[in-house]
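Single-letter residue listing:
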Amino acid sequence: MQKLFQIQHAKLENMTTFEDILSAPSVFENRNVLSPHFVPKELPFRDNEIKRVMVAVAPALAGERPRNLFIYGKTGTGKTCTVRRVMKEFEEQKTSAQNVYINCRMYNSRYRVVQRIAKQFIPELDKSGFGLSHFYEKLIEYIKTGEQRRLLIIMDEVDMVKDLDELIYTITRMNDELDVGSISIIGITNRLNFKDVLDPRSKSSLCETEMVFTPYTPTQLRAILEQRGKEGFKEGAVHESAVNLAAAIAAQETGDARYALKLLLKAGEFADERKISMVTDKEVEEARRNVDIDLATETIATLPAHQQLVLLSVCSLSLKGASYAKLGNSDAERNLMSGEVYEEYSKMCRKYKKPKRSARWYREYLNDLEMLGLITTIESGRGMRGHTRLIKPGYDAEQMRKIIMEQSFAKDVQFASPKQSTLSLDGEEGQ
Ligand SMILES: Nc1ncnc2c1ncn2[C@@H]1O[C@H](COP(=O)(O)OP(=O)(O)O)[C@@H](O)[C@H]1O
Ligand SMILES: [Mg+2]
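Since the model is a prediction, treat every value here as computed from it, not as a measurement.

## Here we look at the site of ligand 1
- Ligand 1 sits among 22 residues. The nearest are Pro44, Gly76, Lys79, Tyr216 and Arg258.
- Separating an oxygen atom of ligand 1 from a backbone N or O atom of Gly76 is a distance of 2.7 Å.
- Put simply, the parts of the chain that give the shell around ligand 1 at least two residues each are α4 (79–92), α9 (218–232) and α11 (257–273).
- Here the shell around ligand 1 is built from residues that sort into 10 nonpolar, seven polar and five charged.

## Regarding the packing of aromatic side chains
- Under the definition given, this model contains nine aromatic pairs.
- Aromatic pair Tyr342 and Tyr345: ring centres 5.8 Å apart, planes at 35 degrees, arrangement tilted. In this pair, Tyr342 and Tyr345 are both assigned in helix α14 (residues 338–351), three residues apart and thus about one turn of the helix distant. As far as burial versus exposure is concerned, Tyr342 and Tyr345 are alike and both buried.
- A ring pair is formed by Tyr345 and Tyr362, whose centres lie 6.2 Å apart and whose planes are at 25 degrees; its orientation type is stacked. Highlighted residues: Tyr345 in helix α14 and Tyr362 in helix α15 (residues 359–371), separated in sequence by 17 residues. This pair shows no difference in class: Tyr345 is buried, exactly as Tyr362 is.
- A cation over a ring is seen here: Arg357 above Trp361, with NZ or CZ 5.9 Å from the ring centre.

## Observations concerning the pairing of strand β4 (residues 182–189)
- Of all eight residues in β4, eight are buried; the element is thus mostly enclosed.
- Where burial is concerned, the two faces of β4 agree: the one with Ser182, Ser184, Ile186 and Ile188 and the one with Ile183, Ile185, Gly187 and Thr189 are both buried.
- Here strand β1 (residues 69–73) pairs with β4 via four bridges, running parallel. Residue Phe70 lies in a different strand from β4, and its bridge partner there is Gly187.
- With seven bridges connecting them, strand β3 (residues 150–156) and β4 associate as parallel partners. Its bridge partner lying in β4, Met155 is registered against Gly187.
- In terms of handedness, the path from β3 via helix α7 (residues 164–177) over to β4 forms a crossover that is right-handed.

Calculation criteria
Along each chain, residue indices are assigned from 1 in the same order as the chain's sequence is written. Written order decides the labels, with chains lettered from A and ligands numbered from 1. Per-residue local features are limited, in this predicted model, to residues with pLDDT of at least 70; the limit for side-chain atom pairs, both in listing and counting, is 80 or more; totals at the level of whole chains, interfaces and linings are taken over all residues. As a rule here, side-chain values come from all non-hydrogen atoms in the structure, and water together with hydrogens is ignored. One heavy atom within 4 Å of a molecule or strand makes the whole residue count as near it. The definition of a polar contact used here is a pair of N or O atoms within 3.5 Å, where within protein one atom must be able to donate a hydrogen and the other to accept one, and adjacent residues in sequence count solely through side-chain atom pairs. The numbering of helices and of strands both runs from the N terminus, where a helix is a DSSP run of H or I of at least 4 residues and a strand a run of E of at least 2. All amino acids are sorted into three groups, where Ala, Val, Leu, Ile, Met, Phe, Trp, Tyr, Cys and Pro are nonpolar, Asp, Glu, Lys and Arg are charged, and the leftover types, Gly among them, are polar. Pairing of aromatic side chains requires ring centres within 6.5 Å, counting the rings of Phe and Tyr and the six-membered ring of Trp. Pairs whose planes differ by under 30 degrees are stacked, by over 60 edge-to-face, and all others tilted. When accessible area is computed with a 1.4 Å probe and restricted to protein chains, residues below 20% of their type maximum are described as buried, those above 50% as exposed, and intermediate ones as partly exposed. Ring-over charges, as used throughout, are those where CZ of Arg or NZ of Lys falls within 6 Å of the ring centre and within 35 degrees of the ring normal. Paired strands are those between which DSSP finds at least two bridges. Looking down the strands as they point away from you, a crossover is right-handed if its path from the first strand over the helix to the second goes clockwise.

Structure (structure tokens):
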């Protein structure tokens, strides 16, 4: 959002009418095609995966219970768009089978997921204040009274559900209780070894069928970019070598198509900003420098306040370390110790007037942040004050810090407290 504003701002000098603004030259034909939410009609290199998901869900269309399906693979390997593509066709079959797509980043607990499912199928539950058991009973009733109702629950980023074992147990129990109809799960995760943290019972239930999505090769990424680029950009607006470069960069990272598309989109935005009519390597290079932090921005902005405070603590300690380094302190680039970060977090809580959470919660927050790639942690070897977790920021600390400082809780303090300078004694220098 901020970026968009800047771009528009940059061009403002010579714009006086809406017409000027809307007709400003652009390399884009349809920017939307390059957005991460766009589901393309064709998904090259995923024919097999599409087929396998179709085979997995097909029983629902024939009045049988599909086995649960667990899909994993690295970010940007097309899991979400493959499943969404199949579900679109599934819906067009118009049978008594129904599905709901849930992004567990938003619905991240058993209660919230079950509530979301219930509300989707039973509109009168769309008021707040019902308990889990109420939703449970209503759902059972709903499935039973239909004609062979087969519900398919797609839980994307399923690893974000805090009490997933309980959720799977609840859904399994629901199935056991049903003599007509059924409820099945498609769980999707970017974490390759996620199923190993589930308890054995939920693991065998969720992973009745499994599928892995492998990273795209450079050639495949190039083809995907070409296909999207053709629709998204004006003819001749992207140099071939720019596409190749974007594909090569993304392949080097992890074979992530989302990253590749983002590079191209950003490169196009740079070209527009500078009023250049063709995207070249130069813009892709520049985009690369910006995309990393951009991806992090989205993630950070959607984090709950306490995770942001923990991340802020990691960033400011690490920045302090960097300034010691300049003074010739060789110990400065070291990893942060879990304990000192917790101390810093406690100070931050005081500063931003948030009730401090216990160390147990704090460890959970570290797990969340690590899962999102915002920090990296390693266990210290024995001998170093027993076992402790050593922590480093996953992206540039200064940039992450800036993003967090733009969040509402931080701003509230900035505006509400004129005595900012006394507060900043406890760690954070000068905002
Ligand atoms: N085979 C493909 N063809 C075209 N676009 C793809 C393909 N695979 C992924 N994409 C695009 O890449 C981005 C990331 O895909 P997504 O399904 O969200 O990945 P995942 O869920 O595995 O992280 C999306 O914008 C998607 O449209
Ligand atoms: Mg996904």
